[in-house]
Amino acid sequence: MSKRPPKLPPPTRQEREAAAIAAEALAAALADPATMGERSVAFLDFSNPRRGERHITWASLPGFLQVNDRYSHACLPGWEYTRAEIEAEMIPDLRALAEHGVRPAVATAGKLATPDLFGVLA
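Reading the values: rules and limits
- Residues numbered from 1 in each chain as written.
- Predicted model: local features only at pLDDT ≥ 70, side-chain atom pairs only at ≥ 80, totals over all residues.
- Heavy atoms only, no water.
- Pairing = 2+ DSSP bridges.
- Helix = DSSP H or I, 4+ residues; strand = E, 2+ residues; numbered from the N terminus.
- Phe/Tyr/Trp six-rings, centres within 6.5 Å; stacked < 30°, edge-to-face > 60°.
- Buried < 20%, exposed > 50% of the residue type's maximum accessible area, 1.4 Å probe, protein only.
- Axes fitted to C-alpha atoms, helices over the stretch in contact; angles between N-to-C directions.
- pLDDT = per-residue confidence, 0-100.
- Contact = heavy atoms within 4.5 Å.
- Expected span 1.5 Å × (residues − 1).
- Parallel < 35°, antiparallel > 145°, perpendicular 65-115°, else oblique.
- Left-handed = near helix turned anticlockwise from the far one by under 90°.
- Nonpolar A, V, L, I, M, F, W, Y, C, P; charged D, E, K, R; others polar.

**Side note on the pairing of strand E4 (residues 70-73)**
- Here strand E3 (residues 64-67) runs beside E4; their pairing, made up of four bridges, is antiparallel. Looking across to E4, one finds that Gln-66 is bridged to Tyr-71.
- Where E3 folds back on E4, the antiparallel hairpin that results is connected by two residues, among which Asn-68 adopts a positive phi of roughly 55 degrees.

Written out as structure tokens, the structure is:
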């Protein structure tokens, strides 16, 4: 995780339920990338030709967004993850939010179990 999270109120029951669903969907996508659903890609070109973004979403992973090489989730506003941090940090952060109502507050340095989690996405 790289960014500092915004100050947010305690999570509601609906946010906790959405985080639980998101954690299970991401874990299932790691186990079987075919469960991710159809991929949608949007390219944003800014005024400077070297400044553009590629936004990717998946049909079966609502709230999960890839912007260039960074990943984020709507349940964890203000946090960005690398590909390696999805399994090591994003899913545990979603589960902590769902189970205990705890939003991430400090960036952690989890170790990746496998070198390429989403090789099919690149």
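**Details of the packing of aromatic side chains**
- By the definition in use, this model includes two aromatic pairs.
- Arranged with centres 5.5 Å apart and planes meeting at 35 degrees, the rings of Trp-58 and Phe-64 form a pair that is tilted.
- Relative accessible area serves as the criterion here: at 1%, Phe-64 is assigned to the buried category.
- An aromatic cluster of three or more residues is present, and its members are Trp-58, Phe-64 and Tyr-71.

**With respect to the sheet that holds E4**
- Strands sit in the order E1-E2-E3-E4 across an open sheet of four strands; the sheet is antiparallel. Each having just a single partner strand, strand E1 (39-45) and E4 make up the two edges of the open sheet. Across this sheet, the average inter-strand angle for adjacent strands is 20 degrees, counted without regard to direction.

**Considering the confidence of the model for the protein**
- Confidence along the protein averages 82 in pLDDT terms, with 80% of residues attaining 70 or more.
- Within the model, pLDDT remains below 50 along residues 110-118, and this stretch shows 16 contacts once partners closer than five positions in the same chain are excluded.

**Remarks on helix H2 (residues 85-100)**
- Taking 1.5 Å per residue as the helical rise, H2 with its 16 residues ought to reach 22 Å, and the 21 Å between its terminal C-alpha atoms agrees with that figure.
- By the burial criterion, the buried members of H2 are Glu-85, Ile-86, Glu-89, Met-90, Ile-91, Asp-93, Leu-94, Leu-97 and Ala-98.
- Directly after H2, the chain includes Gly-101, whose backbone phi takes a positive value near 70 degrees.

**Details of the environment of His-100**
- Tracing the backbone shows His-100 in helix H2.
- The exposure class of His-100 is exposed, given its relative accessible area of 57%.
- A C-alpha to C-alpha distance of 9.8 Å links His-100 and Pro-11, two positions 89 residues apart in sequence.
- The residues touching His-100, leaving out its near neighbours within four places in the chain, are Arg-16 and Arg-95.

**Comments concerning the packing of helix H1 (residues 13-31) against H2**
- Close contact between H1 and H2 brings their axes to 7 Å; oriented N to C, the two are set at 150 degrees. For the element pair H1 / H2, the angle class is roughly antiparallel. Taken as a pair, H1 and H2 cross one another with a handedness that is left-handed. Packed against H1, whose contacting residues are Glu-15, Arg-16, Ala-19, Ala-20, Ala-22, Ala-23, Glu-24, Leu-26, Ala-27 and Leu-30, the element H2 presents Glu-87, Met-90, Ile-91, Leu-94, Arg-95, Leu-97, Ala-98, Glu-99 and His-100 at the interface.
- In terms of residue class, the contact of H1 with H2 is built from twelve nonpolar, one polar and six charged.

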